[in-house]
Amino acid sequence: MLGQLTFLLKPQKHELMKREAFPIIDGHQHAVPMKVEIPMRIRNAQLFDIEGPPGQQFMTQKFINWSRPISHPTFFINNERLEMMEAFNIEHAIILTLSQMYCNGFDEIRTYELMSFQNDFNCTLQENYPSKFTTGFVVQPRYRDQALKEIEKRSAEGFDFLCLPTHYERPDGTYVSCTDENCQAIFKQAEEFGLAIQFHPYDYEKVMKNLIDVDSFWAGHVLGLQYLTAHLHYQLTCKNLHTKFKDVNFAFSHGNILATATMGRKTQAFDGRRDLFPEVSGRPADALFAPNLFSDLITHDPELILYLKAKGCLGNYFEGTDLPYPLGQGVWYVEGREKEYPGFMLDVAEQKGYITDIENRMISCRTTPRWLYGDNAAAHLVLRNRIEGK
């Protein structure tokens, strides 16, 4: 796999690139700990590690026989990562948890160890680079009491948002969307502490375990993750949880395009079989304009940006890249994509007349803070001062 990547390719300028004109606040990035940043207790227990020489490294979780290649040096927070951000005028990035740290199906002790490691790492990252990164923390809904204690602890440490999987594994091995009683208790506590929430799909191969070719041609990441996000969005809005917890700003990952593209069919189902929906349900189409439902704009397709604008819901979308992963948007180090960059799809959409310069600017740098802080002007000022090093 690594042989297919131009591993040390440097960022290049492109004729479309207008990132000198205004910066990006990237609402969806990840950061992998370097080996020296992983505690020995985590490595010795085979919970998480980095193995192999530079250029051939892998993330591993040997206790579940999992590994993933480190496709580029910018997987880590290092000089290459910071130089990349400067080259592409990314003035600030929102760092989500690593998907492996959602801990679905892990026992309570391993969950606590991994969760604490991830959250400590992200806390240190924000402390060391306050102008560059705002980081989130993770909890596992299966262990409700543990999750609520972690929320209280991490909120006191200065975190601004919470990361949740779209679905989690219950004790009986089945999966449920993060809308059940355990998750609603988490939503309630997030609301009390003024935290935003970010949902990210994972474990599609477990949810769809009877589909034997679920990951052929990387189909799980391409299609399965989109389904999980759309399913969560449908469950959350049908239960009207975005209204019940109106002071929590929820964000969905990877464009949440399937949720929008199926809105007509969902609304038809609501109108045609009202008996299947709870009394608290509103019409699904109304959720398009809910002020506290957001999504990143990782669409990989400028025509989809035009579609979202036509639907009238582009205002709650923010720029996201999923950097440093090779399935991210604007990933310049993948062979054949050398002239792309973070914000590339937005610039193409503007060049084609799908969006205006003002809309490009709003998506690039203004909507992410609105997801995190709503209309809290004081919180917006704190973020701006952090970014400017004040």
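Residues numbered from 1 in each chain as written. Predicted model: local features only at pLDDT ≥ 70, side-chain atom pairs only at ≥ 80, totals over all residues. Heavy atoms only, no water.

## Description of the sheet that holds strand 3 (residues 58–61)
Right, so step 1: Strand order in this open sheet of three strands is 2-3-4, and the pairing throughout is antiparallel. The outermost strands of the open sheet, each flanked by one partner alone, are strand 2 (49–51) and strand 4 (66–69). Within this sheet the neighbouring strands show an average axis-to-axis angle of 30 degrees, counted without direction.
Right, so step 2: Where strand 2 meets strand 3, three bridges bridge the pair, whose relative direction is antiparallel. Among the inter-strand pairings, Ile-50 is bridged to a residue of strand 3, identified as Met-59. (Pairing = 2+ DSSP bridges. Helix = DSSP H or I, 4+ residues; strand = E, 2+ residues; numbered from the N terminus. Axes fitted to C-alpha atoms, helices over the stretch in contact; angles between N-to-C directions.)

## Description of the environment of Thr-174
Right, so step 1: Among the structural elements, Thr-174 can be located in the loop between strand 9 (167–169) and strand 10 (175–177).
Right, so step 2: Distance in space between the C-alpha atoms of Thr-174 and Asp-347 is 43 Å, their sequence separation being 173 residues.
Right, so step 3: Excluding residues within four positions of it along the chain, Thr-174 makes contact with Tyr-168 and Glu-169.
Right, so step 4: A polar atom in the side chain of Thr-174 sits 2.6 Å from the side chain of Asp-172. (Contact = heavy atoms within 4.5 Å. Polar contact = N/O pair within 3.5 Å; in protein donor to acceptor, adjacent residues only side chain to side chain.)

## Observations regarding the packing of helix 12 (residues 344–351) against helix 13 (residues 357–373)
Right, so step 1: Helix 13 packs onto helix 12 with a crossing angle of 165 degrees between their chain directions and a minimal axis gap of 10 Å. On the basis of the axis angle, helix 12 is roughly antiparallel to helix 13. Seen from above, helix 12 lies across helix 13 with right-handed handedness. On the side of helix 12, the interface is formed by Leu-346, Asp-347 and Glu-350, while helix 13 contributes Asp-357, Asn-360, Ile-363 and Ser-364.
Right, so step 2: Among the residues making up the contact of helix 12 with helix 13, the classes are represented as two nonpolar, two polar and three charged. (Parallel < 35°, antiparallel > 145°, perpendicular 65-115°, else oblique. Left-handed = near helix turned anticlockwise from the far one by under 90°. Nonpolar A, V, L, I, M, F, W, Y, C, P; charged D, E, K, R; others polar.)

## Here's the deal with the sheet that holds strand 11 (residues 196–200)
Right, so step 1: With parallel pairing, the six strands of this open sheet are ordered in space as 7-8-11-12-13-14. Looking at which strands have only one partner, the edges of the open sheet turn out to be strand 7 (137–138) and strand 14 (317–318).
Right, so step 2: In this structure, strand 13 (residues 293–296) lies alongside strand 14, joined through two bridges in parallel fashion. Bridged to Ser-295 within strand 14 is Tyr-317.

## Quick word on the packing of helix 4 (residues 144–156) against helix 5 (residues 181–193)
Right, so step 1: Their axes nearest at 10 Å, the elements helix 4 and helix 5 cross at an angle of 15 degrees. The orientation of helix 4 with respect to helix 5, classified from their angle, is roughly parallel. Read as a crossing pair, helix 4 and helix 5 show a hand that is right-handed. Across the interface between the two elements, Arg-144, Ala-147, Leu-148, Ile-151, Glu-152 and Ser-155 of helix 4 pack against Glu-181, Asn-182, Ala-185, Ile-186, Gln-189 and Phe-193 of helix 5.
Right, so step 2: The class makeup of the residues in the contact of helix 4 with helix 5 is six nonpolar, three polar and three charged.

## Points about the confidence of the model for the protein chain
Any residue range with low pLDDT should be treated as having predicted coordinates unsuitable for detailed reading.
Right, so step 1: Summing up the model confidence of the protein chain, the mean pLDDT is 91 and the portion of residues at 70 or higher is 91%.
Right, so step 2: Low pLDDT, under 50, characterises residues 1–10; the predicted model gives this stretch 26 contacts beyond four residues in sequence or across chains. (pLDDT = per-residue confidence, 0-100.)

## Points about the pattern of salt bridges
Right, so step 1: Applying the stated criterion across every chain, the model contains 19 salt bridges.
Right, so step 2: Arg-154 serves as the salt-bridge partner of Asp-120, at 2.9 Å between the closest nitrogen and oxygen. Residue Asp-120 is located in helix 3 (residues 108–128), and its partner Arg-154 is located in helix 4; the two are separated by 34 residues in the primary sequence.
Right, so step 3: Ionic pairing is found between Arg-170 and Asp-172, a salt bridge with its closest N-O pair at 4.0 Å.
Right, so step 4: Assessed through its relative accessible area of 56%, Asp-172 is described here as exposed.
Right, so step 5: One network of salt bridges, with partners in common, ties together Glu-91, Arg-384, Glu-388 and Lys-390. (Salt bridge = Lys/Arg side-chain N within 4 Å of Asp/Glu carboxyl O. Buried < 20%, exposed > 50% of the residue type's maximum accessible area, 1.4 Å probe, protein only.)

## Quick word on the nonpolar core
Right, so step 1: Val-32, Phe-48, Phe-187, Phe-199 and Phe-250 are the most contacted members of the largest nonpolar core, which totals 101 residues.
Right, so step 2: Among the elements that take part in this core, helix 3 stands out by supplying six residues, more than any other.
Right, so step 3: Non-local contacts of Phe-48, meaning those with residues more than four positions away in its chain, are made with Val-32, Pro-33, Ile-38, Ile-42, Arg-43, Met-59, Thr-60, Gln-61, Leu-98, Met-101, Leu-114 and Phe-117. (Core = buried A, V, L, I, M, F, W, Y, C linked by side-chain atoms within 4.5 Å.)

## Considering helix 3
Right, so step 1: Between the first and last C-alpha of helix 3 there are 30 Å, a value that for 21 residues agrees with the 30 Å anticipated at 1.5 Å per step.
Right, so step 2: Of the residues flanking the start of helix 3, the one acting as N-cap is Asp-107, its side-chain oxygen 3.0 Å from the backbone nitrogen of Ile-109. (Expected span 1.5 Å × (residues − 1).)

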